[in-house]
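Take a look at the letters that make up each chain.
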Amino acid sequence: MLSEKERLEMEQLQKDPLVQLARDSLSKKVDPEKKRLYQLRWLQKQGKKIVDETKEV
């Protein structure tokens, strides 16, 4: 649960034009195939990190 100060800050941030601009830019349409490609690349990096960590132990 948020404190009164945190709740007021959240309300201010929701009205902030910079936050709205960033939200709009993030909600642009993304090609589903490109999105999947980026997801697979990220998953590959995560898998590599896991392998590297287990080799160190």
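Residues numbered from 1 in each chain as written. Predicted model: local features only at pLDDT ≥ 70, side-chain atom pairs only at ≥ 80, totals over all residues. Heavy atoms only, no water.

1. Some remarks on the overall build of the protein
Thought 1: Within the protein, the secondary structure is distributed over 3 helices and 0 strands.
Thought 2: N-terminal to C-terminal, the α/β element order of the protein is α-α-α.
Thought 3: Taking 10 Å as the expected radius of gyration for a compact globule of 57 residues, we find that the protein reaches 19 Å, considerably beyond that expectation.
Thought 4: C-alpha extents for the protein along the principal axes are approximately 45 × 35 × 15 Å.
Thought 5: Per element, the accessible surface of the protein, about 6000 Å² overall, is 59% carbon and sulfur.
Thought 6: Separation of charge centres in the protein, based on 14 positive and 11 negative side chains, amounts to 7 Å. (Helix = DSSP H or I, 4+ residues; strand = E, 2+ residues; numbered from the N terminus. Rg over C-alpha atoms; globule rule 2.2 N^0.38 Å. Areas by Shrake-Rupley, 256 points an atom, 1.4 Å probe, with all protein chains shown as cover. Lys, Arg positive; Asp, Glu negative; His and termini not counted. Charge placed at Lys NZ, Arg CZ, Asp CG, Glu CD.)

2. Some details on the pattern of salt bridges
Should their charged atoms come close, side chains of opposite charge can pair.
Thought 1: Enumeration according to the criterion identifies 3 salt bridges in this entry.
Thought 2: Residue R7 pairs with E11 through a salt bridge whose shortest N-O separation is 2.5 Å. Taken together, the residues R7 and E11, both in helix α1 (residues 4-15) and 4 residues apart, mark about one turn of the helix.
Thought 3: Residue E11 is classed as partly exposed on the basis of its relative accessible area of 32%.
Thought 4: For K48, the salt bridge identified is with D52, shortest N-O distance 3.2 Å. One end of the pair is K48 and the other is D52, both in helix α3 (residues 32-56) and 4 residues apart, which spans about a single turn.
Thought 5: On the accessibility criterion, D52 (31% relative accessible area) is partly exposed. (Salt bridge = Lys/Arg side-chain N within 4 Å of Asp/Glu carboxyl O. Buried < 20%, exposed > 50% of the residue type's maximum accessible area, 1.4 Å probe, protein only.)

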